[in-house]
2 protein chains.
Amino acid sequence: MHNHSAIKGKLYGVGIGPGESKLLTLKAKEVLNKVQTIFAPKGNEDGVSIAKTIIKETCSKKNNFIELIFPMTKDKNILKKFWQEAAAKVAQTIKKEKETAFVTIGDPLIYSTYIYLLKTLREIFPNIQTETIPGINSFSAAACRIQLPLLEANQKMAVLAVSKNLDSLEEAFKNFDTVVLMKVGSKLDKVIKLLRKINLIKNAVLISRAGQPDEKIVRDLSSLEDKKLGYLSVVIVKKNPRV
Amino acid sequence: MHNHSAIKGKLYGVGIGPGESKLLTLKAKEVLNKVQTIFAPKGNEDGVSIAKTIIKETCSKKNNFIELIFPMTKDKNILKKFWQEAAAKVAQTIKKEKETAFVTIGDPLIYSTYIYLLKTLREIFPNIQTETIPGINSFSAAACRIQLPLLEANQKMAVLAVSKNLDSLEEAFKNFDTVVLMKVGSKLDKVIKLLRKINLIKNAVLISRAGQPDEKIVRDLSSLEDKKLGYLSVVIVKKNPRV
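Since the model is a prediction, treat every value here as computed from it, not as a measurement.

### Quick notes on the confidence of the model for chain A
Keep in mind that low pLDDT regions are not for reading the predicted coordinates in detail.
And step 1. Model confidence for chain A is summarised by a mean pLDDT of 92, while 97% of its residues fall at 70 or above.
And step 2. In the predicted assembly, ipTM is 0.95 and pTM is 0.95.

### Quick notes on the interface of chain B and chain A
And step 1. Contacts between chain B and chain A engage 58 residues on the former and 58 residues on the latter.
And step 2. It is B:Leu26, B:Leu109 and B:Gln147 in chain B that bury the most area against chain A; as a group they hold 14% of the surface buried on that side.
And step 3. Inspection of the chain B/chain A interface yields six salt bridges.
And step 4. Of the charged contacts in the structure, one is a salt bridge between B:Lys119 and A:Glu152, with a shortest N-O distance of 2.5 Å.
And step 5. On the surface where chain B and chain A come into contact, there are 38 residue pairs in polar contact (both at pLDDT 80 or more).

### Focus on the nonpolar core
And step 1. Counting 176 residues, the largest nonpolar core has A:Val14, A:Leu32, A:Leu181, A:Leu221, B:Val14, B:Leu181 and B:Leu221 as the members making the most contacts within it.
And step 2. If we skip the residues at most four places from it in the chain, B:Leu221 touches B:Leu188, B:Ile192, B:Leu195, B:Ile201, B:Ala204, B:Val205, B:Leu206 and B:Val235.

### Quick word on unusual backbone geometry
And step 1. At A:Asn199, a residue that is not glycine, the phi angle is positive and equals roughly 65°.
And step 2. The exposure class of A:Asn199 is exposed, given its relative accessible area of 65%.

### Side note on the side chain of B:Gln147
And step 1. Examined against the element boundaries, B:Gln147 turns out to sit in the loop between α5 (138-146) and β6 (156-161).
And step 2. Of the polar contacts made by the side chain of B:Gln147, one reaches the backbone oxygen of A:Thr130; its length is 3.0 Å.

### Considering the pattern of salt bridges
And step 1. Applying the stated criterion to the full structure yields 26 salt bridges over all chains.
And step 2. Of the charged contacts, one joins A:Lys27 and B:Glu20 as a salt bridge, the two residues approaching to 2.7 Å between their closest N and O atoms. Of this pair, A:Lys27 sits in helix α1 (residues 26-34) while B:Glu20 sits in the loop between β1 (9-15) and α1 (26-34), which puts the two residues in different chains.
And step 3. Assessed through its relative accessible area of 14%, A:Lys27 is described here as buried.
And step 4. Among the salt bridges present, the one from B:Lys34 reaches B:Glu99, with a minimum N-O distance of 3.5 Å. With B:Lys34 in helix α1 and B:Glu99 in strand β4 (residues 99-104), this pair connects stretches of sequence that are 65 residues apart.
And step 5. We classify B:Glu99 as partly exposed; its relative accessible area is 21%.
And step 6. Shared partners join several salt bridges into a network, and the residues in it are A:Lys10, A:Lys27, A:Glu131 and B:Glu20.

Cut-offs used in this document
Residues numbered from 1 in each chain as written. Chains lettered and ligands numbered in written order. Predicted model: local features only at pLDDT ≥ 70, side-chain atom pairs only at ≥ 80, totals over all residues. Heavy atoms only, no water. pLDDT = per-residue confidence, 0-100. Contact = heavy atoms within 4.5 Å. Buried area = accessible area lost by both parts, 1.4 Å probe. Salt bridge = Lys/Arg side-chain N within 4 Å of Asp/Glu carboxyl O. Polar contact = N/O pair within 3.5 Å; in protein donor to acceptor, adjacent residues only side chain to side chain. Core = buried A, V, L, I, M, F, W, Y, C linked by side-chain atoms within 4.5 Å. Buried < 20%, exposed > 50% of the residue type's maximum accessible area, 1.4 Å probe, protein only. Helix = DSSP H or I, 4+ residues; strand = E, 2+ residues; numbered from the N terminus.

Put into structure tokens, the structure is as follows:
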């Protein structure tokens, strides 16, 4: 039986931005070059870790990578098992190397797997310190690509994952100047239908893989009906575009 | 009479993050070291440009700084005059140096003076290209300092400037899991009163100058009643803190 409290050290949760490796912060780069081992999340055993791909060119050659699997399932018990395994692996590395880093695309505290790792670590390994380093989030990067102000003067913005919030979308559009839709995925058709109904379809822009070679900017959302959307897409709806 | 259309070149609008100079992105640093002249905003003639202070250590010695005044007034005509003067100065530099940069704290498209410069430039100097580079915004930096997840699973977040939105605050608290309050300033007392009324005072944290030597984290907002707040403060209210 291990004594979990005996493991001391530090985990850096590092936001690495939306996908363009130059959007890493100086601090993120410094941390990634300081630690020996870097943990990166991926969706399944055979998959590729997007985060790992992004930072490969920024990291020093000596870095050792460990991929952690966070499957896309809604089964809490299965997820918990994976989080606990991930936390145990991180703790083992900290035991040997004193500190390590976990990288996450975008910002670590916005819809990120890091949040679960952080919680599980706190529960099981209370003496491991954590430091979280912010990253450029996907909607800021997307807004910059189309140079659309997210918030001007005294405007209000709502940010939400579409998947479970379809019912509250209409109210958000009514009350907010800017609405950022994340995790649109299979719900895009329903979003398009709603935007048409409330006459905001022309105010919506979809940005996928902002700033990357395969970036997509779609101003006519209707053209996307029945199409599949990439995981890294964001839809920005601005009611009164002033610029 | 100048021919404004004849001026061609490029302005980089560079987000430099919340105040910690290591939170600049690699891209921001690259741009700032590439251009000769850097424009930085300040509130009045005698004031200090916070943005300039932040980047001084990141920039190469050869950079030339020009401070632009954006006064804190609500008079649209006065403001317009300052924006036009700023745009003209930027254009003159671009005429000589082909490209230049304007730096802004936080993210350039979230409550930033850059937005006005961008608009004025587009109006008066249509042939000047612009590229906007995202920055770490204040609420992401603040959330990281207290390691409070802003958005988990399918949660919803509202971001708003308190100053003109006091009336819609209660609804935002009702409908959103996370509410980020910016530009709280002199309205803090009213915010505290409302948070007490709706029983969320214990869910609020004020973070001022995140990550800087004089950072302040206040979890008991009542202690701030009748106190003045720094310009760079943000209040995060999370209804159901899961971590």
